[in-house]
Amino acid sequence: MQITLDTKPFAALEADALVSYVFEDSELVQGRIAEIDQAANGLLTKLAKSGEFSGKPLEMTLIHAPAGLKATRLLLVGAGKKDKFDVASLRKTAGASLRYLKSRSAKQIAFLVREGDLNDSTAQAVAEGALTADLETDKYKTDKKNDKTIESLVIVGYGDAERAAGEKGLARGRTIAEAQNFTRELVNEPSNKLTPMILADKAAAMAKQAGLAVDILDEKKIADLKMGALLSVSQGGPEPPRVIVITYTPASPKPGAPVLGFIGKAVTFDTGGISIKPADGMEKMKYDMAGGATMIGVMRALAALKPNVKVICVVPSTENMPGGTAQKPGDIQTAMSGKTIEVLNTDAEGRLILADAVHYAKQLGVTHMVDAATLTGAIVVALANINVGVFGGADQAWTDKVLASAKAVGEKMWQMPMDDEYREFIKGSFADIQNIGSGKGGGSITGAWFIREFAGDTPWVHLDIAGTAWNDDAKPWLAKGPTGVAVRTLVNLAMSY
Ligand code: BES
Ligand code: ZN
Ligand code: ZN
């Protein structure tokens, strides 16, 4: 989809649809909407009076052959209360309009930004909203008879100053949205099409194309490094594990500057292992590599956006299978750090592979870490598919920085408690540590504490994205399936240096 900025008078814009958002205020028809109303001989005033549109969030009213406009259709989108409307609402509004019009076979869209609203961050948001909305998850459907494509989107502002302000944001929005979509496309792949080896190949190809350094650790290297926790998960099936390491180095790194470590769980399929999961819904466990895909997508964006900070991405990848060689409950494994782990439940495998990845990232010199993982069903119970669960270490300032970044890009994240008492839950009976809590609830917290044991004193934040990385139902602004959550937050975090 081509996206451009324009400042032509809206009446002269040729498009299959002109989109304008309308606030849910007592005066619906005001500002630009009033101008359109005038051009259309008072049609909008009549519609508003009739109650046909009210401006409620994402309410769609499509008008055909509007008088006074060159565009063949006019779409009025509800934007909710004006004082609650922010960049995040604009992103959703743009995305929902695009999907609405795409389903009605529009190809050329003009999106009118309200008076004074077009700037760097709103142009970015419209681009992000549109491009992420445009991605469909129908790759494996052979019947594309109803294939619909949006060819172009023109973001329309007022005057050259607005237009100039939007150009940079538009380019940035495109880069970030394409990275988020790259992540989503990886997550959408089923496990027969995306094994750890294939994921590593795809990540390496991306890194090479983007000009990033990449190192793929194979099963031999992983064994040489004594990553016993990762190997214990991969031993249950025939697919060998991989650790994907991608490094971005800024042109002139400042001495003493932090080195960010982005670590992501990539279990390409989680059967649970010998502690096998129930059949019902197990197919969803193809998205258990979403944390890793998030980090790989983030690196793709950073290669283009070039932050002033070094970033090392470490993605451990494996299947979790219940084969004859699988680890069994009660097995004791030695992690790369030397800590011994009692594996009481083979389905709590994400924390095992992250233990070695976090330790390895520290060896590579990272000073500040964020991990993302579809770690626990418990976070779905706590926060549903609305908020990412955020778990911090001793350095609350680092957690605050991650939370602030999430807020800035409109991704909902919620900090969970990490009191020392929870740490007691994973004290081992026969080894240093056990991989599940001792039956006292708080499943997401004990999972986070397990990883924290390996992060040690290094500032660390864990994002549990089990509830938020996958949409069971399509949203007006996003197709059903992978969401690419946390990509925007982490790109923004790196760009803040
Ligand atoms: N991959 C799952 C977590 C998960 C659940 C992701 C639902 C997405 C949706 C993880 O490996 C797992 O199985 N965790 C167990 C931990 C338990 C055994 C302590 C869980 O949450 O049930
Ligand atoms: Zn599991
Ligand atoms: Zn898992």
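This text gives an overview of the structure that appears in the document. (Residues numbered from 1 in each chain as written. Chains lettered and ligands numbered in written order. Predicted model: local features only at pLDDT ≥ 70, side-chain atom pairs only at ≥ 80, totals over all residues. Heavy atoms only, no water.)

1. Examining unusual backbone geometry
A positive phi angle is found at serine 105, which is not glycine, with a value near 70 degrees. By the secondary structure assignment, serine 105 is in the loop between helix H3 (87-102) and strand E5 (108-112). In this structure, lysine 306 takes a positive phi of about 50 degrees despite not being glycine. Assignment of secondary structure puts lysine 306 in the loop between helix H9 (290-305) and strand E11 (310-320). A relative accessible area of 56% means that lysine 306 is categorised as exposed. (Helix = DSSP H or I, 4+ residues; strand = E, 2+ residues; numbered from the N terminus. Buried < 20%, exposed > 50% of the residue type's maximum accessible area, 1.4 Å probe, protein only.)

2. Regarding the pairing of strand E2 (residues 17-22)
Moving residue by residue along a regular strand, the side chains alternate between the two faces of the sheet. Across the 6 residues of E2, 6 count as buried, placing the element largely inside the fold. Burial along E2 is two-sided: the residues Ala17, Val19 and Tyr21 and Leu18, Ser20 and Val22 are all buried. Bridge analysis of E2 against E5 gives 4 bridges, and the strand direction is parallel. Residue pairing for E5: serine 20 is matched across the bridge by leucine 112. (Pairing = 2+ DSSP bridges.)

3. Observations regarding the coordination of the zinc ion (ligand 3)
Ideal coordination angles are 109.5 degrees for a metal with four donors arranged tetrahedrally and 90 or 180 degrees for a metal with six donors arranged octahedrally. Within the first shell, the zinc ion (ligand 3) binds the protein through Lys265 (NZ), Asp270 (OD), Asp288 (OD) and Glu349 (OE), at distances of 2.0 to 2.4 Å. One chain supplies every donor for the zinc ion (ligand 3), spaced along it as K-x4-D-x17-D-x60-E. Between the two metals, the zinc ion (ligand 3) and the zinc ion (ligand 2), the spacing is 3.2 Å, and aspartate 270 donates to both. You can see aspartate 270 sitting in strand E10 (residues 266-270) and its partner glutamate 349 sitting in the loop between strand E13 (340-343) and helix H10 (350-363), a full 79 residues away along the chain. Per residue, the accessibility class of aspartate 270 equals that of glutamate 349, and both read buried. (Donors = N, O, S within 2.8 Å, 3.2 Å for Na, K, Ca; no water.)

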